[in-house]
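Structural features, examined
The residues making up each chain are set out below.
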Amino acid sequence: MGEVRAVRAGRLGRDFGWLWAAFAVSSAGTMLAFDAFALIAVTVLHSSPARVSFLAAAGVAAGAVFAVPLGPWVEFRRKRPVMIGADLLRCAALLTLPVAYALDALSYAQLVLVSVVVATADIVFRSASGAHLKALVPQDGLMTASARFESTTWTTTALGPPLGGAAIGLFGPVTTVVGDALSYLLSAVGVRAVRAPEPEPPARTGDRLTAADLAEGWRYLWRTPYLRALFLNSTLVNGLIMVGAPLMAVLMLRELGFPPWEYGLAYGIPCIGGLIGSRLSSRLVHRYGEQRVLRWSGTARVCWPVGLALTGTGTGGLLTVIVVELGLITCIGVYNPVLAKERLRHTDTDRLARVLTAWTVTGRAVTATLTLTWGALASFIGTRPALAVAGVLLLATPALLPTAPRDSLPRRTPRTPSAGP
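As the structure is a computational prediction, the values presented were derived from the model and not from experiment.

1. Notes on the side chain of S151
- Mapped onto the fold, S151 is located in helix α8 (residues 142-171).
- A polar side-chain atom of S151 sits 2.9 Å from the main-chain carbonyl oxygen of R148.
- Sequence-distant contacts of S151, defined by excluding residues within four places in its chain, comprise L275 and S278.

2. A few points about the layout of surface pockets
- Here the second largest pocket is characterised by a volume of approximately 250 Å³.
- Together, 17 residues line the second largest pocket, and K79, A131, A135, P199 and T349 are the ones closest to its centre.
- Listing elements by their share of the lining of the second largest pocket, those giving two or more residues are α6 (79-102) and α7 (108-136).
- In terms of residues, the lining of the second largest pocket owes the most to one element, α7, which gives 4 residues.
- Looking at the lining of the second largest pocket, its residues break down into 9 nonpolar, 2 polar and 6 charged.

3. Looking at the confidence of the model for the protein
- Averaged over every residue, the pLDDT of the protein is 83; residues scoring 70 or more account for 90%.
- Looking across the protein, the model is least confident in helix α1 (residues 2-8), with a mean pLDDT of 38, and most confident in helix α18 (residues 383-394), with 95.
- Counting interchain partners and residues more than four positions distant, the pLDDT-below-50 stretch residues 1-10 has 10 contacts.
- In this model residues 407-421 is a low-confidence stretch, pLDDT under 50, and it forms 48 contacts with partners more than four residues away in sequence or in other chains.

4. Some words on the pattern of salt bridges
- Applying the stated rule across the entire model yields 9 salt bridges.
- A salt bridge links D122 to R90, with the shortest nitrogen-to-oxygen separation between them at 3.0 Å. Taken together, the residues span a long stretch of sequence, with D122 in helix α7 and R90 in helix α6 at a distance of 32 residues.
- Residue class for D122 comes out buried when judged on its relative accessible area of 15%.
- The salt bridge involving K341 is made with E290; its shortest N-O contact spans 2.7 Å. One end of the pair, K341, is in helix α16 (residues 314-345); the other, E290, is in helix α15 (residues 290-300), and 51 residues separate them in sequence. Both residues of the pair, K341 and E290, belong to the buried class.
- Via salt bridges that share partners, E216, R219, R223, D350 and R351 belong to a single interconnected network.

5. Topic: helix α17 (residues 352-381)
- Taking 1.5 Å of rise per residue, the 30 residues of α17 would be expected to cover 44 Å, and the 42 Å separating its terminal C-alpha atoms lies within 8% of that figure.
- Within two residues after α17, G382 carries a phi angle of roughly 105°, on the positive side.

6. A short note on the environment of R148
- With respect to the secondary-structure elements, R148 resides in helix α8.
- Here the alpha-carbon distance between R148 and G312, two residues 164 residues apart in the chain, equals 35 Å.

7. Describing the packing of aromatic side chains
- Throughout the structure, instances matching the rule amount to 5 aromatic pairs.
- Centroid distance F231 to W359: 5.3 Å. Interplanar angle 65°. Geometry classified as edge-to-face. Linking F231 in helix α11 (residues 225-242) with W359 in helix α17, this pair joins segments that are 128 residues apart in sequence.
- Taking the relative accessible area as the measure of exposure, W359 reaches 6% and is therefore buried.

How each quantity is defined
- Residues numbered from 1 in each chain as written.
- Predicted model: local features only at pLDDT ≥ 70, side-chain atom pairs only at ≥ 80, totals over all residues.
- Heavy atoms only, no water.
- Helix = DSSP H or I, 4+ residues; strand = E, 2+ residues; numbered from the N terminus.
- Polar contact = N/O pair within 3.5 Å; in protein donor to acceptor, adjacent residues only side chain to side chain.
- Contact = heavy atoms within 4.5 Å.
- 1 Å grid on protein atoms, 1.4 Å probe; cavity = no way out; pocket = protein on both sides within 12 Å on 5 of 7 lines; lining within 4 Å.
- Points joined across faces, edges and corners; volume = space filled by probe spheres on them.
- Nonpolar A, V, L, I, M, F, W, Y, C, P; charged D, E, K, R; others polar.
- pLDDT = per-residue confidence, 0-100.
- Salt bridge = Lys/Arg side-chain N within 4 Å of Asp/Glu carboxyl O.
- Buried < 20%, exposed > 50% of the residue type's maximum accessible area, 1.4 Å probe, protein only.
- Expected span 1.5 Å × (residues − 1).
- Phe/Tyr/Trp six-rings, centres within 6.5 Å; stacked < 30°, edge-to-face > 60°.

Spelled out as structure tokens, the structure:
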């Protein structure tokens, strides 16, 4: 009872504080380096729109492929060492870019390779982190913890891109990459400071990774109607939203001539909406319930991106992007904490790392495929029409949202989980 009261009062404990701090510092570094690879590709390597889209997609797609066997591997191991290792790997990979730039040896191929390593490590970290959070925080605190992570994400996103754009203007194009690398190092220190004992990982019954282990996350999602609907909707919506990122970089930085600091400002200011949305999320759930909030915010978020096709030059164009992104991000800020809570709540603990890996891998693969497709589409019909097509398709996605968590948990089979690698 005391633990529940502490959660309700908003106090999740010192260990959660360290985890939250680690998340905050890595989020700050990531947002400081917002679209750093695309910016480097456009401003340093003078890459075409198709190559910029390929860069955005290739790292995500290859990282997803490499991460598939790592889901079971993470499942059967303690999660904090995995998280620390993923942080250190991302730090080391990113630091190779400023070194190559200083030696005048930076290449497009290196950008792609580093993006693959970072994307793979990111999937591993997310899989371990979700399982770790569910074990660290009582169920009554999952909504509070998810909302705090979400509000932190949007706070750092609001501040990071403008500061990153200014840093690039003052100190050069790889400055923010250095900041991002150091943030992962500090994140590893924060995770290491968590002292709560970890629960024992699921028992292994063999010595080799099997095909069943690889597919278990997807099977679990498909057998769970409620999770399946959330999964399909989230994957498609995120993919169609993300195809606009490289296209907007090309449109604003090259075709419309916006300087990097204005580009960062256009994506930084609207993130205040994410902070507002995440702060409202718990209150809205308390008043209306998870299902209504999921449907309302999930529907509202897809009504905005089509407006990006109307982006013009000067102050009017900048305001268009800010207004569209503000509406989109506010709705996402409400939706994401509820999604995170529901996903953790409706997934069995001994399947959680594999489910999160399957979810993330599929999302990254779909995003990569759609990004490549839209890069090619933009080469044929132009950047604005390609943005408009993505926006129109998003309007149909609310049909995939679940109506209620009926039959929310799949029937469990008596099979004992097979061994990890």
